[in-house]
Amino acid sequence: QEMAIVELALGHVDWLHQRQADDAVNESVVQLSPRQRQVLMMLLAGQSLKEIARQLDLSDHTVGDYVKQLHKLFDVASRAELQARFFLDL
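Note that this is a predicted model, so its numbers are computed, not measured.

Engineer: Provide a residue-level description of the side chain of glutamine 36, including the pertinent values.
Structural biologist: The residue glutamine 36 is located in helix α4 (residues 34–44) in this model. Polar contacts involving the side chain of glutamine 36 include one to the main-chain amide nitrogen of serine 33, which spans 2.7 Å. Among the polar contacts listed, one links the side chain of glutamine 36 to the side chain of glutamine 69, at a separation of 2.7 Å. Among residues more than four places away in sequence, those in contact with glutamine 36 are Gln31, Tyr66, Gln69 and Leu70.

Engineer: Outline the pattern of salt bridges, listing residues and values.
Structural biologist: Taken as a whole, this structure holds one salt bridge when the rule is applied. A salt bridge links lysine 50 to aspartate 60; the nearest nitrogen and oxygen atoms lie 3.2 Å apart. Separated by 10 residues along the polypeptide, lysine 50 in helix α5 (residues 49–56) and aspartate 60 in helix α6 (residues 60–73) bring together distant segments of the chain. Of the residues examined, lysine 50 reaches a relative accessible area of 58% and is grouped as exposed. What makes aspartate 60 partly exposed here is its relative accessible area of 39%.

Quick notes on the rules
Sequence positions are assigned chain by chain, starting from 1 and proceeding in written order. Per-residue local features are limited, in this predicted model, to residues with pLDDT of at least 70; the limit for side-chain atom pairs, both in listing and counting, is 80 or more; totals at the level of whole chains, interfaces and linings are taken over all residues. Water and hydrogen atoms were dropped before computing side-chain values, which therefore reflect all heavy atoms in the structure. Here a helix means four or more residues in a row that DSSP labels H or I, a strand means two or more in a row labelled E, and each is numbered from the N terminus. Here a polar contact is recorded for every N or O atom pair within 3.5 Å, except that within protein the pair must consist of a potential hydrogen donor and a potential acceptor, and residues adjacent in sequence are included only if both atoms are side-chain atoms. By the convention used here, residues are in contact when the closest approach between their heavy atoms is within 4.5 Å. In the sections that follow, a salt bridge refers to a side-chain nitrogen of Lys or Arg positioned within 4 Å of a carboxyl oxygen of Asp or Glu. We call a residue buried when its accessible area falls under 20% of the maximum for its residue type, exposed when it is over 50%, and partly exposed in between, using a 1.4 Å probe and counting protein chains only.

The analysis is restricted to geometry; functional conclusions fall outside its scope.
So this is what it looks like as C-alpha cells:
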C-alpha cells in the first residue's frame, strides 16, 4: 500500500517519471512519514522553507527539522544535493 502511494505521488512529477527513478530512491521514499513526503515534494518543487512552513501550518524550525531528517536519510548535505539525488538519479 505504501509503495502504491509513493508511485502515485511520484507519478505526478514528470521529470522523475520520465527518468524512472531507481529502486533505492523509491525505497527511501517509502520509509518517509507522510509529512516528510510532503516536505520532500515541496522542496523538490523549489519552494522555500518559509513557503513550506506557511502552507503546512508548521513553524520554520519544524520544517528545518524535517529537512535535516531528509538530508540524513538520503545522505546529502544540502538542498542542491537532495535535488540532484532525484533529478540526476545519483
